[in-house]
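# Fold and geometry: a report
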Amino acid sequence: MKFVQIIEYKTSKPDEAQALVEKYLAATEGKRLNGKGTTGRDRDNANTYMNIVEFPSYEDAMKNSELPETAEMANAMMQICDGPPIFRNLDVIYES
């Protein structure tokens, strides 16, 4: 079953956050297990962003979480964010 993770975070340093994502993508090329990834900015809440990451399955998402690069990026993001992230873990039950 397809799995989607939404990671909500607040930062006043969005360019640095995007640079960390791009560094992660380069470092995990050919290793990471996610499909599509999207970053969005909340129009109604200042400095609030969301990464929406699609995986073929929950199991693939958990394997991806075990990559050392994933932990490295998460730690770096914590340094530039205003508080801890909020995770939403979704089993996809319908797509159109």
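The sections below set out a description of the structure shown in this document. (Residues numbered from 1 in each chain as written. Predicted model: local features only at pLDDT ≥ 70, side-chain atom pairs only at ≥ 80, totals over all residues. Heavy atoms only, no water.)

## Notes on the pattern of salt bridges
The tally for this structure, following the rule as stated, stands at 5 salt bridges. Where Glu-72 meets Lys-23, a salt bridge forms, and the shortest distance between an N and an O atom there is 3.8 Å. Of the two residues, Glu-72 sits in helix α3 (residues 68-80) while Lys-23 sits in helix α1 (residues 14-27), which places them 49 residues apart along the sequence. Looking at Lys-23, the relative accessible area reads 52%, which means it is exposed. One network of salt bridges, with partners in common, ties together Lys-2, Glu-54 and Glu-95. (Salt bridge = Lys/Arg side-chain N within 4 Å of Asp/Glu carboxyl O. Helix = DSSP H or I, 4+ residues; strand = E, 2+ residues; numbered from the N terminus. Buried < 20%, exposed > 50% of the residue type's maximum accessible area, 1.4 Å probe, protein only.)

## Digging into unusual backbone geometry
Positive phi values are uncommon outside glycine, yet Asn-47 reaches one of about 60 degrees. Assignment of secondary structure puts Asn-47 in the loop between β2 (37-41) and β3 (48-55).

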